[in-house]
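Residue strings, one per chain:
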Amino acid sequence: GVSAWLEEAGVAAVALGFVDPSAIVRVKSVPIARFSDVASSGVGLSTLFNAAISNDEFALSPGFIDGPSGDLRLRPDPAATVPLAAMPGWAWAPIDQYTQDGEPYPACPRAFARRMADALADRGLSVSAAFEFEFSVGLRREDGEFQPAHEGPGYSDIALVRNHEFALDLLIAIQSQGLDPQQLHPEYADGQFELSIGPRDPVAAADAAMVVKQTVRAVARTHGLVVSFAPQVALGTGNGMHVHLSLWEAERNLLSRGDGPAGMTGLGEAFAAGILRELPAIVGVTVPTCLGYLRLQPHHWSGAMQCWGTENREAALRFIVGATDATAGAANVEVKPVDGTANPYLAVGALLAAGLHGLSAGDRLPPSTEEDPDGLPDDVKAERGVRQLPASLPEAVNELAASSVLRDAMGEFLFETFVATRRGEVEQYDGLDDEELIRRLRWRF
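The structure presented is a predicted model; accordingly, all values stated were derived computationally and were not measured. (Residues numbered from 1 in each chain as written. Predicted model: local features only at pLDDT ≥ 70, side-chain atom pairs only at ≥ 80, totals over all residues. Heavy atoms only, no water.)

K.L.:
Which parts of the structure should I look at to understand the overall build of the protein?
P.N.:
Within the protein, the regular secondary structure consists of 14 helices and 17 strands. In terms of C-alpha radius of gyration, the protein reaches 21 Å, essentially the compact-globule figure of 22 Å for 445 residues. Over its C-alpha atoms, taken along the principal directions, the protein stretches across nearly 65 × 55 × 50 Å. With 445 residues in all, the protein has 59% of them scored as buried. (Helix = DSSP H or I, 4+ residues; strand = E, 2+ residues; numbered from the N terminus. Rg over C-alpha atoms; globule rule 2.2 N^0.38 Å. Buried < 20%, exposed > 50% of the residue type's maximum accessible area, 1.4 Å probe, protein only.)

K.L.:
Teacher, can you tell me more about the nonpolar core here?
P.N.:
As a rule of thumb, nonpolar side chains are buried together in soluble globular proteins. By size, the foremost hydrophobic cluster in this structure holds 134 residues, and its most contacted members are Phe 135 and Leu 406. No other element matches the 12 residues that helix 6 (residues 202-222) contributes to this core. If you look at the next biggest cluster of nonpolar residues, it comprises 6 residues, including Met 305, Ala 315, Val 380 and Val 386. (Core = buried A, V, L, I, M, F, W, Y, C linked by side-chain atoms within 4.5 Å.)

K.L.:
Can you walk me through the packing of aromatic side chains in this structure?
P.N.:
Two aromatic rings are characterised by how far apart their centres lie and by the angle between their planes. Scanning the model with the defined rule gives 10 aromatic pairs in all. Ring centres of Phe 135 and Phe 229 lie 5.4 Å apart, and the angle between their planes is 50°; on these two criteria the pair is classed as tilted. Placement of Phe 135 in strand 7 (residues 126-140) and of Phe 229 in the loop between strand 11 (226-228) and strand 12 (243-249) is noted, with a sequence separation of 94 residues between them. Put simply, the rings of Phe 135, Phe 166, Phe 193 and Phe 229 touch in pairs and so form one group of aromatic residues. Sitting over the face of the ring of Tyr 98, Arg 75 holds its NZ or CZ atom 3.8 Å from the ring centroid. Positioned above the aromatic ring of Phe 229 is the side chain of Lys 213, whose terminal nitrogen or guanidinium carbon lies 5.2 Å from the ring centre. (Phe/Tyr/Trp six-rings, centres within 6.5 Å; stacked < 30°, edge-to-face > 60°. Lys NZ or Arg CZ within 6 Å of the ring centre and 35° of its normal.)

K.L.:
Any chance you could explain helix 14 (residues 434-441) here in plain terms?
P.N.:
Because each turn of an α-helix spans 3.6 residues, side chains separated by three or four positions end up pointing in the same direction. Every buried residue of helix 14 is listed here: Leu 437, Ile 438 and Leu 441. Seen along its axis, helix 14 keeps its buried residues to an arc of 95°; they face one direction. Against helix 8 (292-295) and helix 13 (412-429) lie the buried residues of helix 14. Sitting at the head of helix 14, Asp 433 places a side-chain oxygen 3.1 Å from the backbone nitrogen of Glu 435. (Arc of directions from axis to C-beta. Contact = heavy atoms within 4.5 Å. Polar contact = N/O pair within 3.5 Å; in protein donor to acceptor, adjacent residues only side chain to side chain.)

K.L.:
Would you take a moment to explain the packing of helix 5 (residues 164-176) against helix 6 for this structure?
P.N.:
To characterise two packed helices, one gives the angle between the axes of the helices and the distance between these axes. Two numbers describe how helix 5 lies on helix 6: the axes approach to 10 Å, and their chain directions differ by 140°. Considering only the axes of helix 5 and helix 6, their crossing is right-handed. Contacts from Phe 166, Asp 169, Leu 170, Ala 173 and Ile 174 in helix 5 reach Val 212, Thr 215, Val 216, Val 219 and Ala 220 in helix 6. Per-class residue counts for the contact of helix 5 with helix 6 are 8 nonpolar, 1 polar and 1 charged. (Axes fitted to C-alpha atoms, helices over the stretch in contact; angles between N-to-C directions. Left-handed = near helix turned anticlockwise from the far one by under 90°. Nonpolar A, V, L, I, M, F, W, Y, C, P; charged D, E, K, R; others polar.)

K.L.:
Is there a simple way to explain helix 11 (residues 393-401) in this structure?
P.N.:
Every buried residue of helix 11 is accounted for by Leu 393, Ala 396, Val 397 and Leu 400. Buried positions in helix 11, seen along its axis, are confined to an arc of 100° and lie on one side of it. In this structure, the buried side of helix 11 is in contact with helix 7 (266-286), helix 8, helix 12 (404-410) and helix 13.

K.L.:
What is the right way to look at unusual backbone geometry in this model?
P.N.:
With an omega of -5°, the peptide bond between Gly 152 and Pro 153 qualifies as cis. With respect to the element layout, Pro 153 can be found in the loop between strand 8 (146-148) and helix 4 (157-162). Even without glycine at this site, Ala 262 takes up a positive phi of about 55°. Looking at Ala 262, the relative accessible area reads 31%, which means it is partly exposed.

K.L.:
Help me out: how do you make sense of the pairing of strand 2 (residues 25-31) in this one?
P.N.:
Each regular strand displays side chains that alternate between the two surfaces of the sheet. Direction of pairing for strand 1 (residues 13-19) relative to strand 2: antiparallel, over a ladder of 7 bridges. By the bridge assignment for strand 2, Ala 13 is matched with Pro 31. (Pairing = 2+ DSSP bridges.)

Shown next, in the form of structure tokens:
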């Protein structure tokens, strides 16, 4: 079985990764000899971790997770378990949450993502998804400040040469884990890099996101470096974790070779329009910490404006066209207002839920925006429905709490528990000045 294969691959221990509402990964580790038993019976963890906020406090929700009692069973998924190239002897396993009675736990993010993918499958459709990662590499100084591994120029060979050993080892490790690296390059901010990997089904894409983060951290450590996926590690950084989505019917990409906007089919357009319509609430899931709103501002290429456009990096939905027969399969929607504090299962699940709602409602996209959306005249903004997405976590939480689409998709228990954690996050951090907020949170991610 899987245990024997892992053992042959040199694995002695498996880290079981539980992703909390702020995308902090809590781990329980088991020796390989116990892995088969644990895959069927699980290991225990307090239900409180579904109510965790980013400083290890808990935000309780009356009637849902409201006290210290209660225990989960975390069951690893053997089929998705991966030996870690940069942590010899270790493997990584994503987990599903169950009750002590063996029932699926209603606050499990991975189960939510799977439900949304299954709902698409019931329509004869599937989604191909990929996360794209920006992160800051450098040193953690004794005073806690970030010392970047390069000072630019952005995208430059200078920055790459400074870090070529790290970059090469990272590409080799990602490749050896079957994650299909697409590209890796130094980004604009000091110490910043960007890595993209190939698409896969939505749950596998979220699983891969967790393995990528683990791998980046482990490779950096072998070079005496540390990594942060925080939306800002210093004023002006702006790390995102964009999501690329394409909608398929069997072997046909429904975002290309159609009669709709930019070559989308009717179903492809409805799916994208559903996401666009729900974005003000979705950012409460995809940008779930106060820190993310330092990044989610106009003119930062962060997708702070609710609009869509072909190859428009200021639009919240950047559409990448498959204009020719050769590129038709590559057409996809890039969702830009997502960052590394987002639980990837909740993020992809929320996006699929909105897309599904768009399909059911037969949504249509407004006219596209190829200009800078922030600079449009008011009448054009009104015609296209262009407005700034929530500019703070309190605003985003209010939008999220009012979303019947996400409430219905997530279910009352997961929805109310998650909203409570975001309100807890606001209570902890809202009102701090930017530098203090960064200081407190840069190394939590």
